[in-house]
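# Examining the three-dimensional arrangement
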Amino acid sequence: NTYANYRSALHLPLSGYFRSGSANNQGSGGYFWSSTRNGNISMYNLLLNTSGINPADSNGRRNGNSVRCVLGS
């Protein structure tokens with residue numbers, strides 16, 4: 001795809017996640033960190049997959065999720 005397809009939209013690839021030394025769910029799930037903690041050891045994250053969207057998913061902070069974008073001021 002070209003840049004023109006994404007210049008006015010947020011593009012979130014289904015990049016999967018990294019856990020226990022290996023990449024998982026590449027192409028079938030996208031996990032994007034929130035800035036909000038869910039207890040002492042986890043963080044909320046946005047989960048996108050081929051079945052839908054879960055905006056309040058949660059994962060341990062030591063897991064490797066994609067970084068979310070933040071609008072600068």
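Right above here is the structure, for reference.
One numbering rule holds for all chains: residues counted from 1, following each sequence as written. Selection of residues for local features in this predicted model requires a pLDDT of at least 70, selection of side-chain atom pairs for listing and counting requires 80 or more, and totals for whole chains, interfaces and linings are taken over all residues. Just so you know, side-chain values use all the structure's heavy atoms and leave hydrogens and water out.

### Side note on the overall build of the protein chain
Just so we agree on the cut-off: Secondary structure elements follow DSSP: runs of H or I no shorter than four residues count as helices, runs of E no shorter than two count as strands, and numbering proceeds from the N terminus. Partly exposed residues are those whose accessible area sits between 20% and 50% of the maximum for their type, while under 20% is buried and over 50% is exposed, using a 1.4 Å probe and protein chains only. Whether two residues are in contact is decided by their heavy atoms, any of which lying within 4.5 Å being enough. In short, Shrake-Rupley with a 1.4 Å probe defines the accessible areas, and a residue's cover is counted only from the protein chains shown.
Summing up its helical and strand segments, the protein chain has zero helices and five strands in all. Ordered by position from N to C terminus, the α and β elements of the protein chain give β-β-β-β-β. A burial count over the protein chain gives 23% of its 73 residues as buried. Counted over contacts in the protein chain with a minimum sequence separation of 6, partners at least 24 positions apart contribute 26%. Of the accessible surface of the protein chain, which amounts to about 5,300 Å², a share of 50% is contributed by carbon and sulfur atoms.

### Some words on the sheet that holds strand β5 (residues 52-60)
Within a sheet, neighbouring strands are paired by backbone hydrogen bonds and run either parallel or antiparallel to one another. We count it as follows: Paired strands, as defined in this entry, are two strands with at least two bridges between them according to DSSP. To obtain an axis, a line is fitted to C-alpha atoms, over the contacting stretch when the element is a helix, and the angle between two such axes runs from 0 to 180 degrees between their N-to-C directions.
Read from one edge to the other, the open sheet built from three strands follows the order β3-β4-β5, with strand pairing classed as antiparallel. A strand with exactly one partner marks an edge of an open sheet, and here the two such strands are β3 (29-37) and β5. The mean inter-strand angle of the sheet, taken between neighbouring strand axes irrespective of direction, is 30°. Of the strand pairs in this sheet, strand β4 (residues 42-49) and β5 are connected by seven bridges, and their pairing is antiparallel. Its bridge partner being in β5, N45 is matched across the sheet by D57.

### Digging into the packing of aromatic side chains
The criterion, for reference: Stacked, edge-to-face and tilted labels apply to pairs of Phe, Tyr and Trp rings (six-membered ring for Trp) whose centres lie within 6.5 Å, assigned for plane angles under 30 degrees, over 60, and everything in between, in that order.
Per the stated rule, a full pass over the model turns up one aromatic pair. On the numbers, 4.9 Å between centres and 80° between planes, the contact of Y17 with Y31 is edge-to-face. In this pair, Y17 sits in strand β1 (residues 17-19) while Y31 sits in strand β3, placing the two residues 14 residues apart along the sequence.

### Thoughts on the pairing of β3
Bridge count for β3 against β4 is six bridges, and the pairing is antiparallel. When the sheet's bridge partners are listed, Y31 is paired in β4 with L47. Linking two consecutive strands that pair antiparallel, namely β3 and β4, is a turn of four residues; a positive phi of about 85° is found at G39 within it.

In short, shape yes, function no, at least from these values alone.
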